[in-house]
Structure formats: structure tokens, C-alpha cells
Amino acid sequence: MKISEIDKQYVANTYARFPVEIVSGKGSYLYSSDGKEYIDMGSGIGVTAFGIADDEWISAVTAQLGRVQHTSNLYYTEPCARLAELLCNRTGMKKVFFGNSGAEANECAIKVARKYAADKKGKEYNVIITLQNSFHGRTLATLSATGQDKFHELFNPLVPGFVHTPANDLEALKKAVKNNKACAVMIECVQGEGGVNCLDKDFVLGVQEVCRQNDLILIVDEVQTGNGRTGKLYSYMNFGITPDVVTTAKGLGGGLPIGCCLMNEKTESVLGFGDHGSTFGGNPVCAAGAISVLERLTDEFLAEVDKKSKYVFDELKGVKGVESISGAGLMIGIKTTRPVKEVLSECIENGVLCLTAKDKLRLLPALNIPVEALKKAVSVIKEAVKN
Ligand SMILES: *Cc1c(COP(=O)(O)O)cnc(C)c1O
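Note on numbering: residues in each chain are counted from 1, in written sequence order. It should be noted that, the model being predicted, local features are given only for residues of pLDDT at least 70 and side-chain atom pairs only at 80 or more, the latter also being counted only at that level, while totals for whole chains, interfaces and linings use all residues. Side-chain numbers come from the whole structure's heavy atoms, not from hydrogens or water.

K.L.:
Would you mind showing me how to read the side chain of N106 here?
P.N.:
Put simply, DSSP H or I for four residues or longer makes a helix, DSSP E for two residues or longer makes a strand, and each gets a number counted from the N terminus. Structurally, the position occupied by N106 is in helix α5 (residues 102–120). Counting of polar contacts relies on pairs of N or O atoms within 3.5 Å, with two restrictions inside protein: one atom must be capable of donating a hydrogen and the other of accepting it, and residues adjacent in sequence are counted only when both atoms are side-chain atoms. At a separation of 2.8 Å, a polar atom in the side chain of N106 contacts the main-chain carbonyl oxygen of H136. Here, residues are in contact when the closest pair of their heavy atoms is within 4.5 Å. In this structure N106 touches H136, T142, M186, D221, V223 and T247, once residues within four positions along its chain are discounted.

Have a look at this one:
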């Protein structure tokens, strides 16, 4: 039996896979079982920040793998402590909780916000305001936080205490704060799954102000936007705000599962012994991979990300078949005249793997994608959007 047939027979039917079996790769190039070469414009879904089988990342990960691959959280390990130190030094946040995914990072943030308010104002202050069209994960609480009805319908009853207001509508948000016993507001500065939509600067600054005035926890979900993706280390840094809680995952581990919830001086002491935990959280191999990713996200490197971003925007703006282009850094959404599914298929046909978000083509290439690969991919995309 072919791998695709075995997969179809035994793996749960939750993914509509493309007819491509990936067997290996290097950097921004992937190779399929039929020997075809692809340029990787998705990097997983913004996960392999330095591409496939990156040498520096491999040596960091394998060195730790040969020392100790796991201990329980009853003991100290160096990669976990060093990664937390690095994250705090680079963001000004004070403490980190480690989990294994974006959803878990957000679960932690939700618990922090609710406990903060319960300790300070009372248990009834448990409502978290999130935005319509947001995406915060697939666990029941993060699904409830997600502001898209299509994810909700089949899984009622949802976790109570989430209210969704329209993005970039500060008045609606203020009204929701007034009408609910709120404890937090959670936003993505660029909505990823929702269609690569950037929030307005005025709105983001306004959200921070509303949070300050009402003693609400400002949570920024940086699961997709974080770790250099938008050209800043974290996307909130584009707006000059200081969140109380930041969550991140995807690109952090360079391909290994890790998620984290960063807390500032206001929230660092909310969780105490036994309030939260994770068997795999802070895994030393994943942490070693994350250290190698973070240490390379220097200002000089991020300036290169911006340059590549500008190249893609300049190349695709005004091109026939491109209605609009949105995003920041190497997180780019392209609204095409042609149905996006057709564009995607044609790109695959011509050796370029892209993603979609809603009705847009979505690009999340490795942050270190070689200029030559980027040029080639953009020319294939330009051709595909035309037809
Ligand atoms: C992907 C994503 C999540 C969920 O992350 P998982 O690792 O799949 O649990 C949460 N928030 C945002 C913004 C995401 O893009």
C-alpha cells in the first residue's frame, strides 16, 4: 500500500492533505517521495523558522538529545532555565510557563487572567473579550476564545466566559467591558488564520488603554506572529505596547513542539505551586532548539526579514489577479481574483508549497529563506494568480 493509502485508512480524517508525501528537505527546499523538489513557502505553519534540517539547530538539538531527552518538572534542567532567562531578557517579561503548543500557551494565559481577577476582584470577574475572526486554538477553552462560529457549532456546550467583539472597533470593545464582568482582553496583532489581517495601531493602543483603566489583563497571542515572523521579535513590539501576558509557540522551537506563556510584573505571581503544570512542558531538547532559534533572531537578522518582506509586497502589489496584499514581515496574505484553491494547486504543480487563510493565499516562509528561492517562488505565484 502507498503511504497516502495507509494514512487515509488509519489516521483520523481531520486533515485534507495534498497529494504530496514529504520525505526530506534542506532549508527552504522540500523533496517528495516521487523525487520532486518544492520551495517551502509555509514552513509547516510558520514553524520551521530556520528551515528544514538547519545545521546550527540540529547541532543544538542533538547535543541535548545525547545528554538527557526528558526529566519531569520535579528537577532543574539547564535548557529550560536558560530559555526562560533569554525570553525574559529579550521581552522585559518576568516569568515563563512552558507547555507544548499554542493552545496550551493560551490555556495558561486564560488561567492566569481568571485567577488574577478572582484574587483581586472576585470569581465572577471571569469574562475574556476576544476578537471576531480570531484564532486561539483547538482545545475547548481556546476554541471558545476563538471568534469564529464555524469552529463552535459541533462542540457545544463551549466553555463559558468568552465574548467576541469586532476587530478595530474600540467602541464595541468598551461596551463589552462595561456589560460584562471582564478579567482580560486577548488579541492577535495580526490575525493569522482569520485571513492575515493587521489590527490598526489606534485600536491596539486603545485596547491597552481600556485594559489599564479597567485593570484587565492584556493578553497578546503571538503563537503565529511571534519569534521574528513580523519583522520584530514579537508583533506587539510594532505597536510599542506592553502586554501583561504574551503567548507564543509555532516558530519558537524551530520544528519541535513548545509553547510558552510569558508573564510581566503584574501577572508573574498569579500562579503558585500546583496551580498549573505539564508533563512535557519545558522539555530540554525542545528548549535547546528554541534557544538556538531565539539567539539568531538579532536586529540585523530581523532587518533582513523586513527586506524580504518588502520584496514580496513590491513584487505582488498591483499585479494582475492580486486584489490586495496584507500582513507584516514574512507573514503575508494575498487576496486573489482567482479562487485561492486553484492558485494553491497551480503553485504545487509548479513546485511551490503555500498556505491559505480564509480566502487568501498565505505565505509563511522560513525567516532565512534564500533570496534566490524567494524570487523563484514569487515568480511562480505571480504566474498562478494571473490565470
Ligand atoms: C496556531 C495558532 C494557535 C494554536 O496553536 P497549536 O500549536 O496548534 O495549539 C493559537 N493561536 C494562534 C494565533 C495560532 O496561529
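The rest of the description comes next.
K.L.:
Got a minute to help me understand the layout of surface pockets in this structure?
P.N.:
Any space left empty among the atoms is revealed by the rolling of a water-sized probe across them. Points on a 1 Å grid over protein atoms alone make up a cavity when a 1.4 Å probe fits among them but cannot get out, and a pocket when they form an open set with protein on both sides within 12 Å along at least five of seven lines; lining residues each have an atom within 4 Å of a point. Grid points are joined across faces, edges and corners, and a volume is the space filled by probe spheres set on the points. Empty space within the second largest pocket amounts to approximately 910 Å³. N73, C80, V96, F97 and F98 are, among the 32 residues lining the second largest pocket, the residues nearest its centre. The set of elements that each furnish at least two residues to the lining of the second largest pocket consists of α4 (78–91) and β4 (95–99). Each residue gets one of three labels, nonpolar for Ala, Val, Leu, Ile, Met, Phe, Trp, Tyr, Cys and Pro, charged for Asp, Glu, Lys and Arg, and polar for the others, Gly among them. Residue classes in the lining of the second largest pocket are distributed as 15 nonpolar, 14 polar and three charged.

K.L.:
Help me understand the pairing of strand β1 (residues 22–26), please; the structure alone is not making it clear to me.
P.N.:
Consecutive side chains along a regular strand alternate between the two faces of the sheet. Two strands qualify as a pair provided that DSSP identifies no fewer than 2 bridges between them. As paired elements, β1 and strand β2 (residues 29–32) share four bridges and run antiparallel to each other. Residue I22 lies in a different strand from β2, and its bridge partner there is S32. In this structure, the hairpin formed by β1 and β2 is closed by a connection of two residues, where G27 is found at a positive phi of approximately 60°.

K.L.:
For this particular structure, what's the right way to read the sheet that holds β1?
P.N.:
The strands making up a sheet associate through backbone hydrogen bonding, with each pair oriented either parallel or antiparallel. Ordered in space as β1-β2-β3-β15, the four strands form an open sheet in which the pairing is mixed. Looking along the sheet, the strands with just one partner apiece sit at the ends: β1 and β15 (352–353). Bridge analysis of strand β3 (residues 37–40) against β15 gives two bridges, and the strand direction is parallel. Opposite I39, over in β15, you have V352 as the bridge partner. Between N-to-C directions, angles cover 0 to 180 degrees, with each direction set by a line fitted to C-alpha atoms, over the stretch in contact for helices. Across the sheet, helix α12 (residues 371–386) is in contact with β2, β3 and β15; its angle to β3 comes to roughly 95°.

K.L.:
Got a minute to help me understand the nonpolar core in this structure?
P.N.:
Taken as a class, soluble globular proteins show a tendency for nonpolar side chains to be buried jointly. Here the nonpolar core consists of buried residues drawn from Ala, Val, Leu, Ile, Met, Phe, Trp, Tyr and Cys, with membership extended through side-chain atoms lying within 4.5 Å. The rule is simple: take the accessible area with a 1.4 Å probe, protein chains only, and divide by the maximum for that residue type; under 20% is buried, over 50% is exposed, in between is partly exposed. Residues L83, L87, F98, L294 and L297 are the most contacted members of the largest nonpolar core, which totals 54 residues. With seven residues, helix α9 (residues 284–296) is the largest single contributor of residues to this core. The residues contacting L297, other than those within four sequence positions of it, are F50, R90, N227, G228, L233, L302 and L367. By size, the runner-up hydrophobic cluster in this structure holds 28 residues, among which are I332, L344, L361 and A373.

K.L.:
Teacher, can you tell me more about the site of the ligand here?
P.N.:
With respect to spatial proximity, the complete set of residues near the ligand consists of S101, G102, A103, N106, F135, H136, G137, E188, D221, V223, Q224 and K250. Contact between the ligand and D221: a nitrogen atom at 2.8 Å from a side-chain N or O atom of the residue. One nitrogen or oxygen atom from the side chain of Q224 is found 2.8 Å from an oxygen atom belonging to the ligand. Working definition of accessibility: Shrake-Rupley area with a 1.4 Å probe, residue cover restricted to the visible protein chains. Contact with the protein chains hides 82% of the accessible area of the ligand, taken as 380 Å² for the molecule alone. Sort the elements by how many residues they give to the shell around the ligand and α5 lands first, with three residues. What makes a residue near a molecule or strand is one non-hydrogen atom of that residue sitting within 4 Å of it.

K.L.:
Whenever I open this one, the side chain of S326 confuses me. Can you help?
P.N.:
Residue placement: S326 occurs in strand β13 (residues 322–328). Within polar-contact distance, the side chain of S326 engages the side chain of K360 at 3.3 Å.

K.L.:
What is the right way to read the pattern of salt bridges from this model?
P.N.:
Two side chains bearing opposite charge may form a pair once their charged atoms approach each other closely. For salt bridges, the criterion is a side-chain nitrogen of Lys or Arg within 4 Å of an Asp or Glu carboxyl oxygen. Applying the stated criterion to the full structure yields 22 salt bridges. With its nearest N and O atoms 3.0 Å apart, the salt bridge here joins D215 to K120. On the criterion of sequence distance, the pair formed by D215 in the loop between α8 (201–214) and β10 (217–221) and K120 in helix α5 is long-range, its members being 95 residues apart. For K120, a relative accessible area of 55% translates into the label exposed. Taken together, the salt bridges that share partners define one network made up of D54, E56 and R296.

K.L.:
I tried to follow a nonpolar patch on the surface on my own but got confused; where do I start?
P.N.:
A cluster of nonpolar side chains, M1, I3, I6 and Y10, forms an exposed patch at the surface whose accessible area comes to about 470 Å². Along the chain, Y10 turns up in helix α1 (residues 3–10). Only residues above 30% relative accessible area that lack a salt bridge enter a patch, with like-charged residues linked at up to 9 Å and the nonpolar side chains Val, Leu, Ile, Met, Phe, Trp and Tyr linked at up to 5 Å.

K.L.:
Just to check I follow, could you spell out the sheet that holds strand β17 (residues 360–363) for this structure?
P.N.:
Reading across the sheet, the four strands line up as β13-β14-β17-β16 and stay open at both edges, with antiparallel pairing between neighbours. If you trace the sheet from one side to the other, it starts and ends with β13 and β16 (355–357), each paired once. Direction aside, the axes of adjacent strands within the sheet are offset by 30° on average. Looking at chain direction, β13 and strand β14 (residues 331–336) are connected through six bridges and run antiparallel. Residue pairing for β14: A328 is matched across the bridge by M331. Set on the sheet, helix α11 (residues 340–349) makes contact with β14, β16 and β17; between it and β17 the angle comes to about 40°.

K.L.:
Looking at this structure, I do not really get empty space enclosed by the protein. What am I missing?
P.N.:
Within this structure, the stated rule accounts for two cavities of 30 Å³ or more. In this structure, the largest cavity spans a volume of roughly 40 Å³. In terms of lining, the largest cavity is formed by G46, A49, V223, Q224, G226, N227, R229, K250, G251 and L367. Of the voids in this model, the second largest cavity is the one considered here, and its volume is about 30 Å³. In this structure, the second largest cavity is lined by F50, G51, D54, W57 and G254. Looking at the lining of the second largest cavity residue by residue, the classes come out as two nonpolar, two polar and one charged.

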